[in-house]
Structures are given as C-alpha cells and as structure tokens.
Amino acid sequence: MTRLVVLISGSGSNLQAILDAAKSGVLPAGVVAVVSNRADAFGLTRAESAGIPTEIVPADKFQGRHEYDAVLAETVARYQPDYIILAGWMRILTMQFLGRFPGRVINLHPALPGTFPGIHAIERAYKCWQEGELDKSGVMVHLVPDEGVDVGPVLAKEEVYFKKGESLTDFEARVHEVEHRLLVNAIKQVIRDR
Ligand code: GRF
C-alpha cells in the first residue's frame, strides 16, 4: 500500500477527500499519519475520527525556519511515507525538509500555474475578477522540488470560471469542490506513474 503522510494547518477538507477516497478504494493508498503545525486544526479531529495517528509540530518562536523544518522532517520520516501531501498546509518549507523527500512532496494550491502564489489566492483572484482583469481562476496540484512558492512541476490543473454576480463565498465553495477531486486524482496519477 502506498503510504501517505498529510500535512495540514486548518479545516482539513482536502485531507477528508483523501481519507474518503482511500477508504472507498478509489485511491490505492493509505494515510499513515496527519501532521499539523497548529494544535487547533480541525483536520486533526478528522484524522482521529478515522483512527489515524496525528502529530503536532508547533512553530516555536525561538526556533529558526531550518530548525523547525528539521524537526518536522524527523517527525514525518518516522512514518516512512512514499509521498507527503501538503493539503491546506500554510508554511513555506525549506530544503531542510524538502531535501529529505526528493520528488515526493505534493502541494495543492487554489490558483492556476503562475498566478497568485502564496496565501489568500482565492480572494486575490476574486478581486481581480471584480476589477474586470480576468474571467477565471482555478486549482493546481504540483510537486515541490525546492523552495519556490507554489511554482513546482504541475501534476494537474483545472480552471474555475467566475459566474456573474457570484459571491466570494460561493466561488470559494466551487474552488474547494475542484480541489477535493483534483487532489485525489493527481495522487492516483502519481501512484500509477510510479
Ligand atoms: C484550501 O483552499 C487549500 O488549498 C488552502 O487552504 C484551503 C483550505 O484547505 N491552502 P483545507 O480545508 O484545510 O484542506
């Protein structure tokens, strides 16, 4: 069974999509651990409900980024993952972490390749639409070979067109639906191509 460790920072709706797909057999893999940088991440509750081990690696203000990433890498490595999935993970990772898992870190980002890297991507795209600058945004899943933010080799992408008069909340809900499906399919593809 392909072993996945999923990193989260918040609600974990994308984690839930992976858990559901693994349970139903749609995804030929198993989540062997869920790791969060935040103790209050609801995704931890989702993991516990599924009987999956969880780890919390809180950012310690006395630690540098490399120190944090070394601890995080040790924690993740203990579970011997085939792939590490960044699903709603909100920290930038350095090579201190990425170097431990070459070619095996996969990130989900709610924007199209080359657009809106970083946080609040959905809201930033929505604002640009409101200003008449674009007619669509989207979702991508990509590898994370280095410290570039949301710019790695693309594994999957899907456009999400704005709808006239649509609220940010409604648009965001449609983006998340695409994320849940795209992420599972991208992981399936990576496993198939392995
Ligand atoms: C998603 O848009 C994810 O891509 C972003 O945070 C949002 C919530 O993700 N990083 P989740 O519900 O915590 O999976």
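Caption draft 1: Fine view of the sheet that holds strand 4 (residues 83-86). Here we have 7 strands laid out as an open sheet, ordered 3-2-1-4-5-6-7, and mixed in their pairing. Both outer strands of the open sheet, strand 3 (54-56) and strand 7 (154-161), are each paired with one neighbouring strand and no more. Averaged over neighbouring strand pairs, the angle between their axes works out to 20° when direction is ignored. The pairing of strand 2 (residues 29-36) with strand 3 spans 3 bridges and is parallel. Looking across to strand 3, one finds that Ser36 is bridged to Ile56. Across the sheet, helix 2 (residues 42-49) lies against strand 1 (2-8), strand 2 and strand 3, angled at about 155° from strand 3, the strand it touches most. Contacting strand 1, strand 2, strand 3 and strand 4, helix 3 (residues 65-77) runs over the sheet at an angle of about 145° to strand 1.

Caption draft 2: Molecular detail of the site of the ligand. Close to the ligand lie Gly10, Ser11, Gly12, Ser13, Asn14, Ala87, Gly88, Met90, Leu108, Pro110, His176 and Glu179. At 2.8 Å, a backbone N or O of Gly12 approaches an oxygen atom of the ligand. Measuring from an oxygen atom of the ligand, one finds a side-chain N or O atom of Ser13 at 2.6 Å. The fraction of the free accessible surface of the ligand (360 Å²) that becomes covered by protein chains is 84%. Residue assignment for the shell around the ligand shows that the elements contributing at least two residues are helix 1 (13-24) and helix 6 (168-193).

Caption draft 3: Spatial organisation of helix 2. Among all positions of helix 2, only Gly43, Leu44, Arg46 and Ala47 are buried. All buried residues of helix 2 lie within an arc of 155° about the axis, which places them on one face of the element. For helix 2, the secondary structure elements touched by its buried residues are strand 1, helix 1, strand 2 and strand 3. Phi for Gly51, located one or two positions after helix 2, is positive at around 70°.

Caption draft 4: Spatial organisation of the nonpolar core. Core analysis: the biggest nonpolar cluster contains 43 residues, and Ile18, Leu27 and Ile85 have the highest contact counts within it. Looking at this core, the element that brings in the most residues is helix 6, giving 10 residues. Not counting the four nearest positions on each side in its chain, Ile18 is found in contact with Leu4, Val6, Leu27, Val31, Ile85, Leu183, Val184 and Ile187. Core analysis: the next-biggest nonpolar cluster, separate from the first, contains 20 residues, Val32, Ile84, Phe97 and Leu98 among them.

Caption draft 5: Spotlight on the packing of helix 1 against helix 2. Look at helix 1 against helix 2: their axes get within 9 Å of each other, and the N-to-C directions meet at 15°. Here helix 2 runs roughly parallel to helix 1, going by the angle between their axes. Crossing geometry of helix 1 relative to helix 2 is assigned as right-handed. Every residue of helix 2 that contacts helix 1 at Ser13, Leu15, Gln16 and Leu19 is listed here: Gly43, Arg46 and Ala47.

Caption draft 6: Molecular detail of the pattern of salt bridges. Summed over all chains, the structure comprises 7 salt bridges. The partner of Arg174 in a salt bridge is Glu166, and the shortest N-O contact between them spans 2.8 Å. Considered together, Arg174 and Glu166 belong to a single accessibility category, that of buried residues.

Caption draft 7: Representation of the packing of helix 5 (residues 121-130) against helix 6. In contact at an axis separation of 10 Å, helix 5 and helix 6 are set at 125° when each is read in the N-to-C sense. When the axes of helix 5 and helix 6 are compared, the pair comes out oblique. Crossing of helix 5 over helix 6 shows right-handed handedness. Note on element contacts: helix 6 touches helix 5 through Leu168, Phe171, Glu172, Val175 and His176, opposite Ile122, Glu123 and Tyr126. Each residue belonging to the contact of helix 5 with helix 6 can be placed in one class, and the counts come to 5 nonpolar, 1 polar and 2 charged.

Caption draft 8: Quick look at the pairing of strand 6 (residues 136-143). For strand 6, the buried fraction is high: 6 of the 8 residues fall into the buried class. In this sheet, strand 7 lies alongside strand 6 in antiparallel orientation, the contact comprising 7 bridges. Bridging from a neighbouring strand, Gly138 pairs with Glu159 of strand 7.

The rules behind each value
Residues numbered from 1 in each chain as written. Predicted model: local features only at pLDDT ≥ 70, side-chain atom pairs only at ≥ 80, totals over all residues. Heavy atoms only, no water. Pairing = 2+ DSSP bridges. Helix = DSSP H or I, 4+ residues; strand = E, 2+ residues; numbered from the N terminus. Axes fitted to C-alpha atoms, helices over the stretch in contact; angles between N-to-C directions. Contact = heavy atoms within 4.5 Å. Near = heavy atom within 4 Å. Polar contact = N/O pair within 3.5 Å; in protein donor to acceptor, adjacent residues only side chain to side chain. Areas by Shrake-Rupley, 256 points an atom, 1.4 Å probe, with all protein chains shown as cover. Buried < 20%, exposed > 50% of the residue type's maximum accessible area, 1.4 Å probe, protein only. Arc of directions from axis to C-beta. Core = buried A, V, L, I, M, F, W, Y, C linked by side-chain atoms within 4.5 Å. Parallel < 35°, antiparallel > 145°, perpendicular 65-115°, else oblique. Left-handed = near helix turned anticlockwise from the far one by under 90°. Salt bridge = Lys/Arg side-chain N within 4 Å of Asp/Glu carboxyl O. Nonpolar A, V, L, I, M, F, W, Y, C, P; charged D, E, K, R; others polar.

Worth remembering: the numbers are spatial, not functional.
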